[in-house]
Amino acid sequence: MAYESLVRRYQDAAVRTAYLIAPDGDAEDAVQEAFVKAYRALGRFRDGSPFRPWLLRIVANEARNRRRSAGRRAGLALRAAEDRRPGDAAPSPESAVLDREERAWLVGAINDLGDADREVIAARYFLDLNEAETADVLGLPRGTVKSRLSRALGRLRDRLSATTEGPNRG
Amino acid sequence: MADVRRLAQLPDAAFEEALRDLGRSLAVPAVPASAAGLSAGTTAIDPARRARLRIEAAGFGPARRGLADRLGLGWPTSARPMRRGLVLAIAAILVLAAVAGAIGFGLPGLRIVFGPGPTPTPVLSPSIGAASPSSSPAASPTPTPTAGPPGSTLGLGRQVTLAEATAQAPFPVAVPSDPTLGPPDTVWIDGVGRVTLVWAAKPGLPSTNEPGIGLIVTELPGRIEPDYFQKLLNAQTTIEDVDVGGAAGYWISGDPHQFIYVDASGQPVFETRRLVGDTLAWSVGPVTYRLENALGRDESIRLAETIG
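**A closer look at the overall build of chain B**
Item 1. Looking only at helices and strands, one finds six helices and 13 strands in chain B.
Item 2. Of the contacts made within chain B by residues no fewer than 6 positions apart, 66% connect residues no fewer than 24 positions apart.
Item 3. Accessible surface, chain B: about 12,400 Å² in total, of which carbon and sulfur atoms supply 57%.

Below is the structure:
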């Protein structure tokens, strides 16, 4: 298989990973560098181990290396289309379906978390990786993923409980 | 205004589901258009699109297609332009391919790709080509511009004698029997059993893109698979089905290109050396042969048919 076809197949996932792991970095540059590094390291990739987590780990590393200083942080944002969506009916108290305003609050609260918390939440929920894959991609021991995720979710709930103002859109 | 604090009280499963749902609403940078739009059509591909085409074309599945279809890669007007960064990544990869060692990796899929070649890049491996200067032809009619024997700058592996290559290669080494050609000036074998025979340029054997080199015959322990044959077009590269002594062959001319074959274990292997000229490639059993020269198609086929 031509390497180009691997790039083709995984570039979407790679860009998404880079951006969601470090939204304030240069995702495209991270992905470019990651593909080049992965190419150089392909010799170590003959044993039939899954390519995707291996690649995404390199991507995540490159993305982190491009993280800007906290002062310039842009953070995650909702798609513009979300803003054009007509207002949803008010969700029932236990519904996982969020309306637009709730999403904005939730994004704001996640952006306020520390990098480690954000990363594990992004990997597990936004990239939809399982715990083992999250460990691979973030370069963490598997046991650490569970505990870190649990603490991150706790802190996220704390921020949401403490919320008294409008969602942080910046 | 919704009571967003309800989010903090969601049961764990609902909270996690809400986060997954949020993930689907997040703005993520746009990625290039899918490969779906690639279709048969014009062969005129402007240079700016070529790099993208390399990616798009690689998205083809292994479905059998006519060679002409593959030659006529058209361009859908609806496709969005490839983003520059990823184009650069591919370009960088192709340059890397010129200097890296042979790379094979075990993924199913395409079996052979002739892609656009990298720009000429010096071969960096210091272990290559320095051995056995004594077997250098003393009177090469067209001296090479470099100090070493013909082929020493191409990263062909260890220089050996023809007898040594025959003893060490995992297949019988065959030499063209054309009397005007004579024996190769240098013989090389690399770590994966590829044997390369090099003839210096001389009257009747014009120089290839590599000054001083007239003919290179490469014998690879592997095969090219027309079922999975894929052409990643450079606008100036053409490929043609030819018959080489009854075997299916491919004549590739025009711009430099890259070459991928399938080794004995079924692994696709990137040929990382830049090719020096027009190329004739064909397989006989488990061995693939490749001629590079500046003689043209018909003379190449005639020469090829003397190999045995």
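Moving on, there is more to tell.
**Focus: the overall build of chain A**
Item 1. What chain A contains, in helices and strands, is eight helices and zero strands.
Item 2. Going from N to C terminus, chain A has its helices and strands arranged as α-α-α-α-α-α-α-α.
Item 3. Split into buried and exposed, the 170 residues of chain A put 53% on the buried side.
Item 4. Sequence separation of at least 24 residues holds for 70% of the intrachain contacts in chain A that already meet a minimum separation of 6.
Item 5. On chain A, roughly 7,500 Å² of surface is accessible, and the fraction owed to carbon and sulfur atoms is 45%.

**Here's the deal with the packing of helix 8 (residues 142–162) of chain A against helix 1 (residues 12–25) of chain B**
How two helices pack is summed up by the angle between their axes together with the distance between the axes.
Item 1. Helix 1 of chain B packs onto helix 8 of chain A with a crossing angle of 85° between their chain directions and a minimal axis gap of 12 Å. Accordingly, the angle class assigned to the pair helix 8 of chain A and helix 1 of chain B is roughly perpendicular. Contacts from Leu153(A), Leu156(A), Arg157(A) and Leu160(A) of helix 8 of chain A reach helix 1 of chain B at Asp12(B), Phe15(B), Glu16(B) and Leu19(B).
Item 2. For the contact of helix 8 of chain A with helix 1 of chain B, the per-class residue count stands at five nonpolar, no polar and three charged.

**What to know about helix 5 (residues 100–111) of chain A**
Along an α-helix, a turn takes 3.6 residues, which lines up residues three or four apart on a common side.
Residues and elements named next belong to chain A.
Item 1. If you check helix 5, its first and last C-alpha atoms are 17 Å apart, about what 12 residues at 1.5 Å a residue would give, namely 16 Å.
Item 2. By the burial criterion, the buried members of helix 5 are Glu-102, Arg-103, Ala-104, Trp-105, Leu-106, Val-107, Gly-108, Ala-109, Ile-110 and Asn-111.
Item 3. Among the residues of helix 5, the N-terminal cap falls to Asp-99, whose side-chain oxygen and the backbone nitrogen of Glu-101 are separated by 3.2 Å.

**Regarding unusual backbone geometry**
Item 1. Although it is not a glycine, Asp128(A) adopts a positive phi angle of roughly 60°.
Item 2. Here Asp128(A) lies in the loop between helix 6 (115–126) and helix 7 (131–138).

**What to know about the pattern of salt bridges**
Item 1. By the definition in use, this model includes 20 salt bridges over all chains.
Item 2. For Asp24(A), the salt bridge identified is with Arg118(A), shortest N-O distance 3.8 Å. With Asp24(A) in the loop between helix 1 (3–21) and helix 2 (27–40) and Arg118(A) in helix 6, this residue pair connects regions lying 94 residues apart in the sequence. Across the pair, Arg118(A) and Asp24(A) agree in class, each one buried.
Item 3. With a shortest N-O distance of 2.7 Å, Arg194(B) and Asp190(B) are connected by a salt bridge.

**A look at the confidence of the model for chain B**
All names here are of chain B.
Item 1. Chain-level pLDDT for chain B is 65 on average; 51% of the residues reach the 70-or-more range.
Item 2. Considering only residues more than four positions removed or in separate chains, one finds that residues 32–146, a stretch of pLDDT under 50, has 249 contacts.
Item 3. For residues 227–234, every residue scores under 50 in pLDDT, and the model assigns this stretch 46 contacts once sequence neighbours within four places are set aside.

**Overview of the packing of helix 7 of chain A against helix 8 of chain A**
Residues and elements named next belong to chain A.
Item 1. Their axes nearest at 8 Å, the elements helix 7 and helix 8 cross at an angle of 100°. What the angle tells us is that helix 7 and helix 8 run roughly perpendicular. Contacts from Glu-131, Ala-132, Thr-134, Ala-135 and Asp-136 in helix 7 reach Arg-142, Val-145 and Lys-146 in helix 8.
Item 2. Its residues assigned to classes, the contact of helix 7 with helix 8 shows three nonpolar, one polar and four charged.

**Section: the packing of aromatic side chains**
To describe a pair of aromatic rings, you give the distance between the ring centres and the angle between the ring planes.
Item 1. With the rule as written, the count across this model stands at one aromatic pair over all chains.
Item 2. When the centroid spacing of 5.5 Å and the interplanar angle of 20° are considered together, the rings of Trp282(B) and Tyr289(B) count as stacked.
Item 3. Positioned above the aromatic ring of Phe15(B) is the side chain of Arg157(A), whose terminal nitrogen or guanidinium carbon lies 4.3 Å from the ring centre.

**A few points about helix 8 of chain A**
Item 1. Between its first and last C-alpha atoms helix 8 of chain A spans 31 Å; for 21 residues at 1.5 Å apiece the expected length is 30 Å, and the two agree.
Item 2. Within helix 8 of chain A, burial applies to Val145(A), Leu149(A), Ala152(A), Leu153(A), Leu156(A), Arg157(A) and Leu160(A). In an axial view of helix 8 of chain A, the angular spread of the buried residues amounts to 135°, which keeps them on one side of the axis. With respect to the buried face of helix 8 of chain A, the exposed residues turned more than 90 degrees away are Gly143(A), Asp158(A) and Ala162(A).
Item 3. Summarising the contacts, the buried residues of helix 8 of chain A are in contact with helix 5, helix 6 and helix 7 of chain A together with helix 1 of chain B.

**Comments concerning the environment of Ile239(B)**
All names here are of chain B.
Item 1. With respect to the element layout, Ile-239 can be found in strand 8 (residues 237–244).
Item 2. A residue is classified by how much of its surface remains accessible, and Ile-239, at 4% relative accessible area, is buried.
Item 3. Each C-alpha atom, one on Ile-239 and one on Ile-252, is 4.4 Å from the other, the two residues being 13 residues apart in sequence.

**Let's talk about the side chain of Asp190(B)**
Residues and elements named next belong to chain B.
Item 1. Relative to the helices and strands, Asp-190 is located in the loop between strand 4 (186–189) and strand 5 (195–200).
Item 2. Residue Asp-190 is classed as buried on the basis of its relative accessible area, which comes to 19%.
Item 3. In this structure the side chain of Asp-190 is engaged in a polar contact, spanning 2.7 Å, whose partner is the side chain of Arg-194.
Item 4. Setting aside its immediate chain neighbours within four residues, Asp-190 contacts Leu-156 and Gly-157.

**Examining the side chain of Ser300(B)**
Residue and element names in this part refer to chain B.
Item 1. For Ser-300, the position within the fold is in helix 6 (residues 297–304).
Item 2. Among the residues examined, Ser-300 registers a relative accessible area of 0% and is labelled buried.
Item 3. In this structure the side chain of Ser-300 is engaged in a polar contact, spanning 2.7 Å, whose partner is the backbone oxygen of Gly-296.
Item 4. Those residues in contact with Ser-300, other than ones at most four positions away along the chain, are Trp-251, Leu-280, Leu-291 and Asn-293.

**Some thoughts on the confidence of the model for chain A**
Residues and elements named next belong to chain A.
Item 1. On average, residues of chain A score 80 in pLDDT, and 79% of them are at 70 or above.
Item 2. For chain A, helix 4 (residues 80–84) is the element with the lowest average pLDDT, namely 54, and helix 6 is the one with the highest, namely 94.
Item 3. Contacts from residues 82–86, a stretch scored under 50 in pLDDT, to residues over four places away or in other chains number five contacts.

Calculation notes
Each chain carries its own residue numbering, running from 1 in the written order of its sequence. Chain labels run from A onward and ligand labels from 1 onward, assigned in the order the entries are written. Reporting of local features is limited, given that this is a predicted model, to residues whose pLDDT is at least 70; pairs of side-chain atoms are given and counted only at 80 or more, and all residues count toward the totals for whole chains, interfaces and linings. Side-chain measures were taken over the full set of non-hydrogen atoms in the model, leaving aside hydrogen atoms and water. We count a stretch as a helix when DSSP gives it H or I for four or more residues in a row; a strand needs E for two or more, and each element gets its number in order from the N terminus. In what follows, residue pairs with any heavy atoms lying within 4.5 Å of each other are defined as contacts. The protein chains shown are the only cover counted for residues, whose accessible areas, like all others here, come from Shrake-Rupley with a 1.4 Å probe. Burial status follows relative accessibility: with a 1.4 Å probe on protein chains alone, a residue under 20% of its type maximum counts as buried, one over 50% as exposed, and anything between as partly exposed. Simply put, an axis is a line fit to the C-alpha atoms, just over the touching stretch for a helix, and the angle between two N-to-C directions goes from 0 to 180 degrees. Angular relationships are summarised with four words: roughly parallel below 35 degrees, roughly antiparallel beyond 145, roughly perpendicular across 65 to 115, and oblique for the angles in between. Residues are grouped as follows: Ala, Val, Leu, Ile, Met, Phe, Trp, Tyr, Cys and Pro are nonpolar; Asp, Glu, Lys and Arg are charged; all remaining types, including Gly, are polar. Each residue after the first adds 1.5 Å to the expected span of a helix. Under the rule applied, a polar contact is a pair of N or O atoms within 3.5 Å (in protein, one hydrogen donor and one hydrogen acceptor; residues adjacent in sequence only if both atoms are side-chain atoms). In the sections that follow, a salt bridge refers to a side-chain nitrogen of Lys or Arg positioned within 4 Å of a carboxyl oxygen of Asp or Glu. pLDDT is defined as a per-residue confidence score from the predictor, taking values between 0 and 100. Aromatic contacts are taken between Phe, Tyr and Trp rings whose centres are within 6.5 Å, Trp giving its six-membered ring; a plane angle under 30 degrees counts as stacked, one over 60 as edge-to-face, and the others as tilted. In this analysis the charged atom, NZ for Lys or CZ for Arg, is taken to sit over a ring once it is within 6 Å of the ring centre and within 35 degrees of the ring normal. Directions pointing from the helix axis toward each C-beta atom define the arc.

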